[in-house]
Amino acid sequence: MSVVSRGLQSLTRREILRFVRRPYNTFLPPFITNILYFSVFGVILGDRISDIGGVPYIQFILPGLVVLGAVSNAFENASFSIFHGRWNEYIHEALTSPLAYWEMVVAYVVSSALRGILIGILIAGIGAAFTPVRTLANPFYAVAFLGVITTLFAAFGVIGGLVAEDFDHLTVLNQFILRPLVFFGGVFYSLDALSGVARTASYLNPMVYMVNGVRYGVIGVSDIQPDTSLVVLSGLTVAVLVVDVWLFKRGYGLTD
Amino acid sequence: MPPAIRTDDLVKEYGDVRALDGLSLSVPQGSFFGLLGPNGAGKTTFINTLVGLVRKTSGTAEVFGHDVEADYRDARDAIGLAPQEFNVDRFFPIREVLMHKAGYHGVGEDEAADRAAEALETVGLGGKAETRFDWLSGGMKRRFMLARAMVTDPDLLILDEPTAGVDVELRHDLWDVIRDLNDDGTTILLTTHYIEEAERLCDQVAIIDSGRKVTVATPDDLTERGTDLVTLTLDAAPTGTPAISADGIDSVAVDGSTVTLRANSGSEAVPIAVRQLEAAGHRVHDVDVSRTSLEDVFVDITRTGGDATDGSGGSVDPDTGDDGDAESPEVTL
Ligand SMILES: Nc1ncnc2c1ncn2[C@@H]1O[C@H](COP(=O)(O)OP(=O)(O)OP(=O)(O)O)[C@@H](O)[C@H]1O
Ligand SMILES: [Mg+2]
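Residues numbered from 1 in each chain as written. Chains lettered and ligands numbered in written order. Predicted model: local features only at pLDDT ≥ 70, side-chain atom pairs only at ≥ 80, totals over all residues. Heavy atoms only, no water.

Within an unreviewed UniProt entry, the label attached to chain B reads ATP-binding cassette domain-containing protein, and the organism entered is Halobacterium bonnevillei. We quote the UniProt Sequence similarities (unreviewed entry) comment for chain B here in full: "Belongs to the ABC transporter superfamily." (UniProt positions renumbered as here; feature names shortened; annotations may be inferred.)

In the annotation of an unreviewed UniProt entry, chain A is listed under the name ABC transporter permease and assigned to Halobacterium bonnevillei. The record in UniProt for chain A states the following under Subcellular location (unreviewed entry): "Membrane".

Helix and strand content of chain B: ten helices and 14 strands. Projecting the C-alpha coordinates of chain B onto the three principal axes gives extents of approximately 80 × 45 × 35 Å. The long-range share in chain B, meaning contacts at least 24 apart out of those at least 6 apart in sequence, stands at 68%. On chain B, roughly 14400 Å² of surface is accessible, and the fraction owed to carbon and sulfur atoms is 43%. Across chain B, the mean location of the 29 positive side-chain charges is 5 Å away from that of the 62 negative side-chain charges. (Helix = DSSP H or I, 4+ residues; strand = E, 2+ residues; numbered from the N terminus. Contact = heavy atoms within 4.5 Å. Areas by Shrake-Rupley, 256 points an atom, 1.4 Å probe, with all protein chains shown as cover. Lys, Arg positive; Asp, Glu negative; His and termini not counted. Charge placed at Lys NZ, Arg CZ, Asp CG, Glu CD.)

Moving on: the site of ligand 1. Surrounding ligand 1, one finds 15 residues, the nearest of these being B:N39, B:K43, B:T44, B:T45 and B:H193. Bordering ligand 1 are residues originating from chains A and B. Protein burial of ligand 1: of its 640 Å² of free accessible surface, 65% is covered by the chains. If you list the elements that add at least two residues to the shell around ligand 1, you get β2 (17–27) and α1 (43–51) of chain B. Residue contributions to the shell around ligand 1 peak at three residues, all from α1(B). Across the shell around ligand 1, the residue classes tally to five nonpolar, seven polar and three charged. (Near = heavy atom within 4 Å. Nonpolar A, V, L, I, M, F, W, Y, C, P; charged D, E, K, R; others polar.)

This paragraph deals with the coordination of the magnesium ion (ligand 2). Residue and element names in this part refer to chain B. Donor atoms from the polypeptide that coordinate the magnesium ion (ligand 2) comprise T44 (OG1) and Q84 (OE1), at 1.9 to 2.1 Å from the metal. Note that T44 is positioned in helix α1 and Q84 in the loop between β6 (79–82) and α3 (94–104), a separation of 40 residues in sequence. A relative accessible area of 26% places T44 in the partly exposed class. (Donors = N, O, S within 2.8 Å, 3.2 Å for Na, K, Ca; no water. Buried < 20%, exposed > 50% of the residue type's maximum accessible area, 1.4 Å probe, protein only.)

Take the nonpolar core next. Core analysis: the largest hydrophobic core is formed by 99 residues, its most contacted members being A:L65, A:F153, A:F248, B:F46, B:L50, B:V63 and B:L189. Residues within four places of B:L50 in sequence aside, it is in contact with B:I5, B:T7, B:A61, B:V63, B:V68, B:I79 and B:I158. (Core = buried A, V, L, I, M, F, W, Y, C linked by side-chain atoms within 4.5 Å.)

Another point: the sheet that holds strand β5 (residues 66–67) of chain B. All names here are of chain B. Read from one edge of the open sheet, four strands run β2-β1-β4-β5, paired in antiparallel fashion. Whereas interior strands pair on both sides, the edge strands pair on one side only; in this sheet they are β2 and β5. With two bridges joining them, strand β4 (residues 58–63) and β5 adopt antiparallel strand pairing. Bridge pairing links V63 to H66 in β5. (Pairing = 2+ DSSP bridges.)

Per the domain assignment, the segments of chain B are domain 1 (5–78 + 154–222 + 295–304) and domain 2 (227–290). A straight line from the C-alpha centre of domain 1 of chain B to that of domain 2 of chain B covers 40 Å. (Domains from an automatic or database assignment.)

Another aspect to go through is the packing of aromatic side chains. Under the definition given, this model contains 13 aromatic pairs over all chains. Summarising the aromatic geometry, the rings of A:Y101 and B:Y72 are spaced 4.2 Å apart at their centres and angled 20° between planes, so their arrangement reads as stacked. Highlighted residues: A:Y101 in helix α6 (residues 101–130) and B:Y72 in helix α2 (residues 72–78), drawn from two different chains. B:Y72 sits in the buried class, given a relative accessible area of 13%. Aromatic ring contacts, followed pair by pair, group A:F80, A:F83, A:W87 and A:F167 into a single cluster. Directly above the ring of B:F91 sits A:R18, whose terminal nitrogen or CZ lies 5.2 Å from the centroid. Between A:R215 and the ring centre of A:F60, over which it is positioned, the NZ or CZ distance is 3.6 Å. (Phe/Tyr/Trp six-rings, centres within 6.5 Å; stacked < 30°, edge-to-face > 60°. Lys NZ or Arg CZ within 6 Å of the ring centre and 35° of its normal.)

Attention now goes to the confidence of the model for chain B. Residue and element names in this part refer to chain B. Across chain B, the average pLDDT comes to 85, with 91% of residues at or above 70. Segment residues 306–333: pLDDT under 50, and 46 contacts once partners within four positions in sequence are set aside and those in other chains are kept. Across the whole predicted complex the pTM is 0.85, and at the interface the ipTM reaches 0.89. (pLDDT = per-residue confidence, 0-100.)

Once that is clear, we can look at empty space enclosed by the protein. According to the stated counting rule, one finds three cavities of 30 Å³ or more in the structure shown. Each pocket or cavity is described by its volume, and for the largest cavity that value is around 130 Å³. If you list the elements that add at least two residues to the lining of the largest cavity, you get α5 (92–95) of chain A together with β6 and α5 (138–150) of chain B. Per-element tally for the lining of the largest cavity: the top contributor is β6(B), with three residues. For the lining of the largest cavity, the residue count by class is six nonpolar, six polar and three charged. (1 Å grid on protein atoms, 1.4 Å probe; cavity = no way out; pocket = protein on both sides within 12 Å on 5 of 7 lines; lining within 4 Å. Points joined across faces, edges and corners; volume = space filled by probe spheres on them.)

Time to look at the pattern of salt bridges. Residues and elements named next belong to chain A. The final tally for this structure, using the stated rule, is 15 salt bridges over all chains. Notably, a salt bridge pairs R14 with E15, separated by 2.7 Å at the nearest N-O pair. In this structure, R14 and E15 share a single accessibility class: buried. (Salt bridge = Lys/Arg side-chain N within 4 Å of Asp/Glu carboxyl O.)

This paragraph deals with the sheet that holds strand β11 (residues 228–234) of chain B. Residue and element names in this part refer to chain B. Sheet architecture is open: four strands sit in the order β12-β13-β11-β14, paired in antiparallel fashion. Both edges of this open sheet fall to β12 (249–255) and β14 (284–290), since each of them pairs with a single strand only. With direction set aside, neighbouring strand axes in the sheet form an average angle of 15°. The pairing of β12 with strand β13 (residues 258–263) spans six bridges and is classified as antiparallel. Following the sheet pairing, I249 is matched in β13 by A263. (Axes fitted to C-alpha atoms, helices over the stretch in contact; angles between N-to-C directions.)

As structure tokens, then:
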């Protein structure tokens, strides 16, 4: 028998179909937002901003926008799906089944990470239409970073979905925690633009490592050495997954 | 052979509320077991402890010998639950909801599709397979809950008020479905406020109140425990209450020319009463016996906090029923 039980397959499939069957909700918003980003920051402003590390500004922001779209979609998918299932109580269908707690977590995380990756690819495609990035500078890093960070944020999303008590909490998590991290995470600027405290503080922002990792993978430019980032981020991902499983086991937000 | 359900001293507290107050219950394999009790008695809490939706405060609970926490996967695999509150996936048509549920229980894709079709057919929803749950009528929603509980082919089917809001004809159809499953060996745990339903279907019922077991018995035994009402109409109003006494006759009351008796057995009391009345010079003109229904017994038991308890009822605090909501005569039935 394979490690992937039929139960795990079913829940993962259900979770993937949930967003694939609603393409207008899933793919249209990031499509439009990113066309706006690339038009405004890349084309209109980009010409007035000098090259960073020898790369045109539009190419510099492309990996950042991929990260932004990928992690926020991974996070939102996991948190929304779990929260909505709790709200309408249909998450009981999975909870009262013989799935192991770790399997429930894996199903939510894998499907949400997949959504993040699909959106990341979509954004890269839009970017490629605006600026000629045709090959990946370091494919291994591009793939590895994208995989790890979407998993990490899907795992965070699981926690968000379990602790949220109403729909507003989900918005708060997104607007007040995720957005600032992303915007100060070096999506739109290089750390070289910062000095002193701002620069030091940036090294505490996990997003900085993610953006730079993907940037290194895509265009070969990075403020930070990628190997250490990858190891640290992987470690963090495992830690958050462990917390997820523990919360499911405790029934946090799931049982009375 | 372990019982289908066995709980020992099960306690669940919600803050100050003790929803389950040391409940010990055993449901034999293959039985059709009724769980009765007024609103708030703890029936749903009890059920949810078994499937992992409620974390018990203390005590033990096992399903076919599997501890509901330590062996949660085996325990849950054995159970098919039709809950009281609707909790159905809204993103998918009901056929797919059933397939997913079967899949979570390890059923392969083709088999899951067959079972989903069959379960929908069984509850009369074959024509609605591609509809979302939200678009079903109230009674159809109820029936769907039964289909979803059946689709995993459970050894223990738990039905929390499965026929609330279902029309009479369909209710009888659902009873047939459930009875067939029981005949094939599925253990059934049923909660209902339709006492008639319990009386017809169950071979054992437990009455619980305020999280405690009041009694466990067969429906027949319970009805036996109730008192019958005998009404005798005399030719003329007697002066004072006529003396009628015999074992099994609890009370005598008179109103005009009508004499009413409370007796353990109406049919035994009638000849005695008639003989004694005629011996005293009265002429009995009409006799009517109304047997207690299980419903009367139920109301009686849950109102008095267990006066009708036999030895098996365990420790029942005589005070529990004397105050608060349990006293309300309008136990929803
Ligand atoms: N999530 C909860 N939080 C707090 N109290 C609860 C919760 N669920 C149930 N209770 C309380 O526990 C007690 C038992 O409730 P339960 O739902 O088990 O009753 P029941 O026997 O199923 O009633 P009904 O016939 O109305 O369905 C009630 O006093 C109820 O208010
Ligand atoms: Mg209930």
